[in-house]
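Here's the letter readout for the chains.
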Amino acid sequence: MSVLLNDIHSRLNPTRVRRIVAPRSLEELQDVIRGSVQPISIAGGRHAMGGQQFGEETLHLDTRTLSDVLDFDPNLGLVRAHAGIQWPELIEGIRARHEPGQRKWGIRQKQTGASDLTLGGALSANVHGRGLQLRPFIADVEAFTLIDHQGDRITCSRTENPALFRLVIGGYGLFGVIYDVTLRLSPRRRVQRCVDVETSDVIIDRFQEAIDRGVLYGDFQFAIDHESEDFLHRGIFSRYRVVDDQTPIPDKQIYFTEDKWLTLLRLARTRRSEAYRQYVSFYRSTDGQIYDSDTHQLSTYIPRYHDRLAGIPAEAQGSEVISELYVPRSDLHAFLQRAAKVLRRCQAPLTYGTLRLIQRDDESFLRWAKQDYACVIFNLLTPETDAGRERTAGAFRQLYDVALEMNGSFYLTYHTYATRAQVESAYPQMPTFLQRKRDCDPHQRFQSNWYRHMQSLFDGPATPAAKNRTSDMLVG
Ligand SMILES: Cc1cc2nc3c(=O)[nH]c(=O)nc-3n(C[C@H](O)[C@H](O)[C@H](O)COP(=O)(O)OP(=O)(O)OC[C@H]3O[C@@H](n4cnc5c(N)ncnc54)[C@H](O)[C@@H]3O)c2cc1C
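Scope of this entry: the structure provided in the associated data block. Values in this document were obtained by computation on a predicted structure and should not be read as measured data. (Residues numbered from 1 in each chain as written. Predicted model: local features only at pLDDT ≥ 70, side-chain atom pairs only at ≥ 80, totals over all residues. Heavy atoms only, no water.)

**What about the sheet that holds strand 7 (residues 78-82)?**
So, point 1. Read from one edge to the other, the open sheet built from five strands follows the order 6-7-11-9-10, with strand pairing classed as antiparallel. The outermost strands of the open sheet, each flanked by one partner alone, are strand 6 (69-73) and strand 10 (153-157). Taken over all neighbouring pairs, the strand axes of this sheet differ in orientation by 15° on average, direction set aside.
So, point 2. Examined bridge by bridge, strand 9 (residues 141-147) and strand 11 (residues 177-184) share six bridges and lie antiparallel to one another. Its bridge partner lying in strand 11, Ala143 is registered against Thr182. (Pairing = 2+ DSSP bridges. Helix = DSSP H or I, 4+ residues; strand = E, 2+ residues; numbered from the N terminus. Axes fitted to C-alpha atoms, helices over the stretch in contact; angles between N-to-C directions.)

**Some points on the pattern of salt bridges**
So, point 1. Summed over the entire model, instances satisfying the criterion amount to 32 salt bridges.
So, point 2. Asp152 is the partner of Arg34 in a salt bridge, and the nearest nitrogen-oxygen pair spans 3.2 Å. A residue pair is termed long-range when its members are at least 10 positions apart, and Arg34 in helix 1 (residues 26-35) and Asp152 in the loop between strand 9 and strand 10 qualify at 118 residues.
So, point 3. Judged by relative accessible area, Arg34 falls into the partly exposed class, the value being 47%.
So, point 4. The closest approach of N and O atoms between Arg184 and Glu142, which form a salt bridge, is 2.6 Å. With Arg184 in strand 11 and Glu142 in strand 9, this residue pair connects regions lying 42 residues apart in the sequence.
So, point 5. Among the ionic contacts, a cluster of salt bridges with common partners joins Arg95, Arg188, Arg190, Asp292 and Asp294. (Salt bridge = Lys/Arg side-chain N within 4 Å of Asp/Glu carboxyl O. Buried < 20%, exposed > 50% of the residue type's maximum accessible area, 1.4 Å probe, protein only.)

**Focus on the nonpolar core**
So, point 1. Judged by nonpolar contacts, the single largest core of 119 residues is most densely connected at Leu90, Phe144, Leu232, Phe335, Phe378, Met430 and Phe433.
So, point 2. Core analysis: the next-biggest nonpolar cluster, separate from the first, contains 14 residues, Ile33, Ile42, Leu59 and Tyr179 among them. (Core = buried A, V, L, I, M, F, W, Y, C linked by side-chain atoms within 4.5 Å.)

**What to know about the packing of helix 11 (residues 430-440) against helix 12 (residues 449-457)**
So, point 1. Taken N-terminus to C-terminus, the directions of helix 11 and helix 12 make an angle of 120°; their axes are 11 Å apart at the nearest point. The pairing of helix 11 with helix 12 is recorded here as oblique in orientation. Considering how the two elements wind past one another, helix 11 and helix 12 form a crossing that is left-handed. On helix 12, the residues touching Met430, Phe433, Leu434, Lys437 and Arg438 of helix 11 are Trp450, Tyr451, Met454 and Gln455.
So, point 2. Grouping the amino acids of the contact of helix 11 with helix 12 by side-chain chemistry returns six nonpolar, one polar and two charged. (Parallel < 35°, antiparallel > 145°, perpendicular 65-115°, else oblique. Left-handed = near helix turned anticlockwise from the far one by under 90°. Contact = heavy atoms within 4.5 Å. Nonpolar A, V, L, I, M, F, W, Y, C, P; charged D, E, K, R; others polar.)

**With respect to the packing of helix 6 (residues 258-270) against helix 7 (residues 272-285)**
So, point 1. Their axes nearest at 6 Å, the elements helix 6 and helix 7 cross at an angle of 150°. Judged by residue contacts, Lys260, Thr263, Leu264, Leu267, Ala268, Arg269 and Thr270 of helix 6 engage Arg272, Glu274, Ala275, Gln278, Tyr279 and Phe282 from helix 7.
So, point 2. Here the residues of the contact of helix 6 with helix 7 sort into six nonpolar, three polar and four charged.

**Notes on the sheet that holds strand 5 (residues 59-62)**
So, point 1. Reading across the sheet, the three strands line up as 3-5-4 and stay open at both edges, with parallel pairing between neighbours. Of all strands in the sheet, those with a lone pairing partner are strand 3 (19-21) and strand 4 (40-43), marking the two edges. Taking the axes of each pair of neighbouring strands and ignoring which way they run, one obtains an average angle of 30° across the sheet.
So, point 2. Pairing between strand 4 and strand 5: four bridges, direction parallel. What sits directly across from Ile42, in strand 5, is Leu61.
So, point 3. Sheet strands in contact with helix 1 are strand 3, strand 4 and strand 5, and its direction is about 165° off that of strand 5.

**Some points on the site of the ligand**
So, point 1. Lining the immediate environment of the ligand, one finds 33 residues, of which Ile42, Gly44, Arg46, Ala48 and Thr118 sit closest.
So, point 2. For the ligand, an oxygen atom lies 2.8 Å from a polar atom in the backbone of Thr118.
So, point 3. The side chain of Tyr411 places a nitrogen or oxygen atom 2.8 Å from an oxygen atom of the ligand.
So, point 4. Within the complex, the protein chains bury 98% of what would otherwise be the 960 Å² of accessible surface of the ligand.
So, point 5. Listing elements by their share of the shell around the ligand, those giving two or more residues are strand 4, helix 3 (119-125) and strand 11. (Near = heavy atom within 4 Å. Polar contact = N/O pair within 3.5 Å; in protein donor to acceptor, adjacent residues only side chain to side chain. Areas by Shrake-Rupley, 256 points an atom, 1.4 Å probe, with all protein chains shown as cover.)

**Remarks on the side chain of Ser238**
So, point 1. Tracing the backbone shows Ser238 in strand 15 (residues 234-243).
So, point 2. Beyond its immediate sequence surroundings of up to four residues, Ser238 is in contact with Cys194, Tyr217, Gly218, Asp219, Gln221 and Tyr283.

**What to know about empty space enclosed by the protein**
So, point 1. Scanning the entire structure with this criterion turns up two cavities of 30 Å³ or more.
So, point 2. Of the voids in this model, the largest cavity is the one considered here, and its volume is about 70 Å³.
So, point 3. In terms of residue count, helix 12 provides more of the lining of the largest cavity than any other element does, three residues in total.
So, point 4. When its volume is computed, the second largest cavity comes out at roughly 50 Å³.
So, point 5. For the second largest cavity, the full set of lining residues is Ala125, Asn126, Gly170, Tyr172, Ser364, Leu366, Arg367, Trp368, Tyr411, Leu412 and Tyr427. (1 Å grid on protein atoms, 1.4 Å probe; cavity = no way out; pocket = protein on both sides within 12 Å on 5 of 7 lines; lining within 4 Å. Points joined across faces, edges and corners; volume = space filled by probe spheres on them.)

**Overview of helix 5 (residues 203-212)**
So, point 1. Regarding helix 5, the residues found buried are Ile203, Phe207, Ala210 and Ile211. Along the long axis of helix 5, the arc covered by the buried residues comes to 100°, so they all point the same way.
So, point 2. Along its buried surface, helix 5 packs onto strand 13 (190-199), strand 14 (217-222), strand 15, helix 8 (332-346) and strand 18 (350-358).
So, point 3. Looking one or two residues beyond helix 5, the residue adopting positive phi is Gly214, at roughly 85°. (Arc of directions from axis to C-beta.)

**Quick notes on helix 9 (residues 386-405)**
So, point 1. Taking 1.5 Å of rise per residue, 20 residues should cover 28 Å, and helix 9 covers 28 Å from first to last C-alpha, within 8% of that figure.
So, point 2. Of the residues making up helix 9, those classed as buried are Gly388, Thr392, Ala393, Gly394, Ala395, Phe396, Leu399, Tyr400, Val402, Ala403 and Leu404.
So, point 3. On its buried face, helix 9 is in contact with strand 17 (319-328), helix 8, strand 19 (373-382), strand 20 (409-410) and helix 10 (420-426).
So, point 4. Of the residues one or two after helix 9, Asn407 is the one with positive phi, at around 65°. (Expected span 1.5 Å × (residues − 1).)

**Details of the side chain of Ser36**
So, point 1. Mapped onto the elements of the fold, Ser36 is located in the loop between helix 1 and strand 4.
So, point 2. From its side chain, Ser36 meets the backbone oxygen of Gln38 in a polar contact 2.7 Å long.
So, point 3. Contact partners of Ser36, with chain neighbours within four places excluded, come to Leu59 and Arg445.

Written out as structure tokens, the structure is:
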């Protein structure tokens, strides 16, 4: 009997799959791949929002049953774990394997905003967190085991099957099932959160000053009310500076509770300036708090939070669609000014926005960090109607044009609103990527709605504007 699935956050990807299989061992996983007569879709935490983890009429693999920490090397700072493990279990598993007196290790980065995401999902989107001097996730991966379309095991690293290594990371599950991952860790440090309110015209300088002082992590969460002068301009600048490893973490620190999260979410949909004011006040109250560099990256997230916002007006209901855009750091202020105009013109309500830094990625095939960028993230309230979706899609397409004019880019993980010309401009290597997928998986065993969308988008000659734009194409 078929099953209806949807993504967790936007809930805009309802997809009927033939059946769900949750393998409990490598052998079972291989048997499923070898025995399936249907194409296979692969999911971890189901947080992607462009249909990458689902495919109509596919056999759907839920990888979360393969979730063990398999090896830990405290000398090299490496951990090997099943790709279906989620961040809290991975962080805990690493901690539990330390012997007393050993050097302490922790993850380098994870996504912010949610934690019930898997290692496989992180590899497949080539994610990033709020590190100030980090490259995307590929830099943290030492090796992984891929189970290909014939059910065979392939080790991928920078020295074994390097072309596949670069295709699979950031390749959205199209080359096979990632069974396990060996991850590079960094020494676990004590960090102190420092909080100020800053403005977007000086924020890049503030980030740089923080980097020069050895700060490891940071972000800038900006004001969301488009009727306010502060919109996309004023924001909370939080950074995490390294302190002595012996600094105690006090018992009575303030943490973000589910209730607080829901209150802010409700305000972000109804009284945006008040939401920002309360958010600033909360962050200020945490100035000076002490954390560990791994666990401070965990976040509060309530699955199905939409259902707990009952009572708010109809126009404030719906889900959130996210976009992440990249612009050269020197253009950030100009970009935000133009973005404010777009969002005001489109009347697309912003419920959350943040800014982070990323360093250039020279490794992944479908790389999005083509240079050291500023990353701007927007969550737009999206009523679950055709008009609501079109409003959000239109706003994001206009924002993509602004970023692309500035030699910027955008993330592919959140939706499929980008036009073919926009995808070609940000990812000129996309047609080659799709060809490599067909070469590696000739029977198209691994499929998703996102893959089918990209195929149909590129089913025809290139758009004239992008025809010659192959110079920054990566050859895998
Ligand atoms: C609230 C929220 C906050 C987010 N914050 C960030 C952020 O800060 N930074 C960031 O970079 N991204 C962020 N994201 C995006 C998110 O990191 C990606 O969508 C990620 O891929 C989701 O991981 P998942 O485990 O939910 O995977 P899924 O959504 O289940 O799958 C995502 C992709 O991974 C593939 N996949 C999963 N497991 C495997 C496997 N074992 N083998 C092969 N393929 C596999 C799937 O086929 C699919 O293509 C956020 C998303 C949400 C909803």
